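If you want the building blocks of each chain, they are given just below.
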Amino acid sequence: MDIGDRIGNIGLVPVVVIDDAADAADTAAALSDGGVGVMEITLRTDAGLDAIANASECAAEVLVGAGTVLSLASAKAAVERGARFIVSPGFDVEVVAWCKERGVAVYPGCVTPTEISAALKLGLNALKFFPANVYGGAGAIKALSGPFPSVRFIPTGGVGLGNLADFAMPQVMAIGGGWLCPQAYIMEGNFAGITEVCRKSVEALATARAAHSA
């Protein structure tokens with residue numbers, strides 16, 4: 001099963017901000033215990049790269065990727081530390097081309113027809129949609145799926161347990177967000193809380209997907 005299939009089967013992508021790399025293994029375990037075996041560790045903090053390395057080494061059952069990748073240098077460093085996929089908030093041709101050449105799954109942020117067309121030309125068919133709440137949410141994704149039926153989206157930004165069901169549509173590969181792994185919970189050592197949020201979200205997604213397919 002390739003990276004995209006694994007992410008799509010899980011249906012949720014926690015956006016994880018870690019301040020202390022030593023917390024990475026426990027965070028990964030908490031997500032896995034909650035039924036979410038994937039994590040996008042952002043490079044928003046100085047601990048990001050070390051956290052990716054720690055999680056990749058200590059939690060082999062969890063698919064670890066890097067988020068907030070803003071440059072080719074960051075993409076290279078993340079992959080060297082063990083990242084299995086790359087997520088960026090915008091569309092960077094250099095990062096996408098490098099990942100494609102090396103068989104690294106990459107999900108750049110694309111919200112306009114022009115950006116989506118450019119991504120398709122580089123062979124991508126799964127894209128981050130960020131920030132989803134600013135760029136039209138579920139309605140925008142449905143509209144974009146008209147001219148781009150082969151594209152599946154990972155909406156992130158303004159999505160949470162309360163409106164998760166709105167995005168449980170066939171055009172959405174997975175739903176991303178920080179609500180699945182609150183930074184405050186990590187800092188407090190409340191890993192049981194992370195597991196509980198994930199369990200509730202997995203259940204809510206399964207119910208919503210069943211309703212959409214009925």
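Residues numbered from 1 in each chain as written. Predicted model: local features only at pLDDT ≥ 70, side-chain atom pairs only at ≥ 80, totals over all residues. Heavy atoms only, no water.

## Here we look at the pairing of strand β7 (residues 152-155)
The cut-off we apply is this: By this definition, two strands are paired if DSSP reports at least two bridges between them. Going along the chain from the N terminus, every DSSP run of H or I of four or more residues is numbered as a helix, and every run of E of two or more is numbered as a strand. The path from the first strand over the helix to the second decides the hand: if it runs clockwise while the strands point away from the viewer, the crossover is right-handed.
Both strand β6 (residues 126-129) and β7 contribute to a ladder of four bridges, which runs parallel. Looking at the pairing, Lys128 lines up with Ile154 of β7. Tracing the backbone out of β6, into helix α7 (residues 137-144) and back to the parallel element β7 gives a crossover that is right-handed.

## So, the nonpolar core
We apply this condition: Only buried Ala, Val, Leu, Ile, Met, Phe, Trp, Tyr and Cys residues count toward a nonpolar core, and they belong to the same one when joined by side-chain atoms within 4.5 Å. Under the scheme applied here, a residue whose accessible area is under 20% of the maximum for its type counts as buried, over 50% as exposed, and between as partly exposed, the area being computed with a 1.4 Å probe on protein chains only. The contact criterion used throughout is that any non-hydrogen atoms of two residues lie within 4.5 Å.
Grouped together as the largest cluster of nonpolar side chains are 77 residues, with contacts concentrated most on Ile7, Met39, Phe85, Ile86, Tyr107 and Ile175. For this core, the leading source of residues is helix α9 (residues 191-213), giving six residues. In contact with Ile86, not counting residues within four places along its chain, are Ala66, Val69, Ala75, Ala78, Val79, Val95, Cys99, Val104, Ala105, Val106 and Tyr107.

## Examining the pairing of strand β4 (residues 85-88)
Put simply, side chains in a regular strand alternate between the two faces of the sheet. Because side chains alternate across β4, one face comprises the buried residues Phe85 and Val87, and the other comprises Ile86 and Ser88, equally buried. Pairing between β4 and strand β5 (residues 105-108): four bridges, direction parallel. Its bridge partner lying in β5, Phe85 is registered against Ala105. Since β4 and β5 lie parallel, the crossover through helix α5 (residues 93-102) that links them has a hand, and here it is right-handed.

## Observations concerning the side chain of Ser145
Stated precisely, the cut-off is as follows: Pairs of N or O atoms are called polar contacts if they sit within 3.5 Å, as long as, within protein, a hydrogen donor faces a hydrogen acceptor (for residues adjacent in sequence, only side-chain-to-side-chain pairs).
With respect to the helices and strands, the residue Ser145 is situated in the loop between α7 and β7. Relative accessible area serves as the criterion here: at 10%, Ser145 is assigned to the buried category. A distance of 2.8 Å separates a polar side-chain atom of Ser145 from the backbone oxygen of Ile141. Every residue in contact with Ser145, bar those within four places of it in the chain, is listed here: Phe153 and Gln171.

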